[in-house]
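Next come the chains, spelled out residue by residue.
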Amino acid sequence: RVTVESFTAWNKTFKAEMKAKKEMEEEKKKTKLTAGQVIIAKRLTGREMFIQDDQLDASDLAFLAQEGGEIVEVDEKLFVDIGDIDLDDLDELDEELNAIPAN
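Bear in mind the structure is a predicted one, so any value in this text is a computation, not a measurement.

Draft legend 1. Region of interest: the overall build of the protein. From N to C terminus, the protein includes 4 helices and 0 strands. Starting at the N terminus and ending at the C terminus, the protein contains elements arranged as α-α-α-α. Every one of the 103 residues in the protein was classed for burial, and the buried ones make up 0%. Within the structure as shown, the protein displays about 10,400 Å² of accessible surface, and the carbon and sulfur contribution to it stands at 57%.

Shown next as C-alpha cells:
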C-alpha cells in the first residue's frame, strides 16, 4: 500500500538517484571531451526544456506582457464534463443541416 509518506520518501530517493546519474553522465562527457573525442550535442525537445526550466511559463507570460500580447484566462470548469458530450448527435445535426437545400 502506498501512503503519502512512503511516496514522498521514495520520490526523494528517486530524485537523488536521477541527479547522481545525470552528474555521472555529465562527468563522462567532460572526460570524453578532454580525451579529444567529439560528442554530438542532442537538441532538447520542448518538453525537455519545459521540464528542466520551470521558469519558461513565467517567461512566456512576461514576453506577452512586453509585446502587448493578450493573456487569455481559461475557465477550466468548461472542460470538466467534456467527456459527456455525445458526438454522434452532432454528426446527425450536421447531416440534417447539409440536407437542407440552399436558396
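Draft legend 2. Structural context of a nonpolar patch on the surface. Together, Val2, Phe7, Trp10, Phe14 and Met18 line one region of the surface with nonpolar side chains, adding up to about 530 Å² of accessible area. Note on placement: Phe14 falls in helix α1 (residues 4–34). Taking relative accessible area as the criterion, Phe14 reaches 35% and is therefore assigned partly exposed.

Draft legend 3. Representation of the packing of aromatic side chains within the structure. Going through the model one piece at a time under the given rule, you end up with 2 aromatic pairs. Where Phe7 meets Trp10, the ring centres are 5.7 Å apart and the plane angle is 35°; that geometry is what we call tilted. Of this pair, Phe7 and Trp10 both sit in helix α1, 3 residues apart, which is roughly one turn of the helix. Where Trp10 meets Phe14, the ring centres are 5.1 Å apart and the plane angle is 15°; that geometry is what we call stacked. Of this pair, Trp10 and Phe14 both sit in helix α1, 4 residues apart, roughly one helical turn. The class of Trp10 is partly exposed, set by a relative accessible area of 47%. Ring pairing ties together the aromatic residues Phe7, Trp10 and Phe14, which thus form one cluster.

Draft legend 4. Layout of a negative patch on the surface. Taken together, the side chains of Asp86, Asp88, Asp89, Asp91, Glu92, Asp94, Glu95 and Glu96 present a region of like negative charge at the surface. The exposure class of Asp94 is partly exposed, given its relative accessible area of 41%.

Draft legend 5. Molecular detail of the confidence of the model for the protein. Overall, the predicted model of the protein reaches an average pLDDT of 77, with 79% of residues at or above 70. Averaged pLDDT values over the elements of the protein bottom out at 72 in helix α3 (residues 56–67) and peak at 86 in α1.

Conventions adopted
Residues numbered from 1 in each chain as written. Predicted model: local features only at pLDDT ≥ 70, side-chain atom pairs only at ≥ 80, totals over all residues. Heavy atoms only, no water. Helix = DSSP H or I, 4+ residues; strand = E, 2+ residues; numbered from the N terminus. Buried < 20%, exposed > 50% of the residue type's maximum accessible area, 1.4 Å probe, protein only. Areas by Shrake-Rupley, 256 points an atom, 1.4 Å probe, with all protein chains shown as cover. Patch = residues over 30% accessible without salt bridge, like charges linked within 9 Å, V, L, I, M, F, W, Y side chains within 5 Å. Salt bridge = Lys/Arg side-chain N within 4 Å of Asp/Glu carboxyl O. Phe/Tyr/Trp six-rings, centres within 6.5 Å; stacked < 30°, edge-to-face > 60°. Lys, Arg positive; Asp, Glu negative; His and termini not counted. Charge placed at Lys NZ, Arg CZ, Asp CG, Glu CD. pLDDT = per-residue confidence, 0-100.

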